[in-house]
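Results of the structural survey
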Amino acid sequence: MTDFSKSSASPGGCQGCKNKGAPDMNFAFAFQPIVDLRDQTTFAHEALVRGVNGEGALSVLEQVDDQNRYRFDQLCRVRAISTAAQLGMTEYLSINFLPNAVYRPELCIRSTLEAARAHGFPLDRLIFEAVEGEYVEKNSHLTNILREYREFGFKTAIDDFGAGYSGLNLLADFQPDLIKLDMALVRDIHLDRVRQTIVRNVVNMCRELGVEVIAEGIEDAQERDFLADCGIYLMQGYWFAKPAFKSLAQIPTGAWLKR
């Protein structure tokens, strides 16, 4: 579930690299679990931007502009990792990133690597989610970032799949470890034949490509059960837990029970 707004900045230059000395932005994180129905465990926690007192993401994102986008993206990674380590997270940590804030991924990833080493957070427990809805001038820029991140040992994911500018073209150019179905496809899917057909075919396609599907925005047991019947076992949404501010949410027993 993305916490980032659309950006029109061009990836053609790393203007943010010139602004490393920009003042730090004040923000914190809430963490929402991504669960695995197969063994009723938490697969990962997604880091979601919040204000320092738990204010919504918009209170932070409206401060982001062309001048501080790089700095913000870098701070998000570092603070998400440090907070996850402080909370004793052992599951995957999923971090949204802004493709337009990355010029050369092998250079822009340095602070992430340093933070992981400093806090003892395993690199192979990091997932980087590319926001499909964010405008990127060329798919090649985004796929280059994703390939570089995979080389570093990170898992890669396309967020909000089915809701953005790239869609199947992006998936044709790069097959990530995970895709997250946009919640608009998930909402009331048990009642909507068209959405059912679309999701079933996405699941079958991803199975052939070796990509695992996450359904986000699950709000009731009927959505959960229909998607599980389609072969989707990784899920995220209020049905399981709301984002927990500066903490790791617990999944209530009732979230797993069949209705």
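The chain has the name EAL domain-containing protein in an unreviewed UniProt entry, where Pseudomonas shahriarae is given as its organism.

Once that is clear, we can look at the pairing of strand β6 (residues 178-181). In β6, alternate side chains face the same way, and those of Leu178 and Lys180 on one face and Ile179 and Leu181 on the other are all buried. Two elements, β6 and strand β7 (residues 212-216), share four bridges in a ladder whose sense is parallel. In the strand pairing of β7, Lys180 is matched with Ile214.

Tracing the backbone through its elements, the reader meets His45 in strand β2 (residues 41-50). The class of His45 is buried, set by a relative accessible area of 3%. If we ignore the near neighbours within four places in the chain, the residues touching His45 are Phe31, Gln32, Pro33, Met89, Glu91, Tyr92, Leu93, Ser94 and Leu248.

Let's shift gears to unusual backbone geometry. With a phi angle near 55°, Asp160 is a residue other than glycine that sits in the positive phi range. Looking at where Asp160 falls in the secondary structure, it is placed in strand β5 (residues 155-161). Of the residues examined, Asp160 reaches a relative accessible area of 10% and is grouped as buried. Of note in this structure, Asp188 is not a glycine but carries a positive phi near 55°.

Bringing the packing of aromatic side chains into the picture now. As enumerated under the stated definition, the model contains 11 aromatic pairs in all. Here Phe97 and Tyr149 contribute two aromatic rings whose centre-to-centre distance is 5.5 Å and whose plane-to-plane angle is 65°, an arrangement assigned as edge-to-face. Linking Phe97 in strand β3 (residues 92-97) with Tyr149 in helix α5 (residues 139-151), this pair joins segments that are 52 residues apart in sequence. Each member of the pair, Phe97 together with Tyr149, is buried. Each ring, one from Phe128 and one from Tyr149, has its centre 5.0 Å from the other, and the planes form 50°; the classification is tilted. Here the residue Phe128 occupies a position in strand β4 (residues 126-131), and Tyr149 occupies one in helix α5, the gap between them amounting to 21 residues. Summarising the burial analysis for this pair, Phe128 and Tyr149 share the class buried. A network of ring pairs unites the aromatic residues Phe97, Phe128, Tyr149, Phe152 and Phe154 as a single cluster. Over the aromatic face of Phe27 sits the side chain of Arg79, whose NZ or CZ is 4.5 Å from the ring centroid. Its end group placed over the ring of Tyr92, Arg125 keeps NZ or CZ at 4.0 Å from the ring centre.

Criteria and thresholds
- Residues numbered from 1 in each chain as written.
- Predicted model: local features only at pLDDT ≥ 70, side-chain atom pairs only at ≥ 80, totals over all residues.
- Heavy atoms only, no water.
- Buried < 20%, exposed > 50% of the residue type's maximum accessible area, 1.4 Å probe, protein only.
- Helix = DSSP H or I, 4+ residues; strand = E, 2+ residues; numbered from the N terminus.
- Pairing = 2+ DSSP bridges.
- Contact = heavy atoms within 4.5 Å.
- Phe/Tyr/Trp six-rings, centres within 6.5 Å; stacked < 30°, edge-to-face > 60°.
- Lys NZ or Arg CZ within 6 Å of the ring centre and 35° of its normal.

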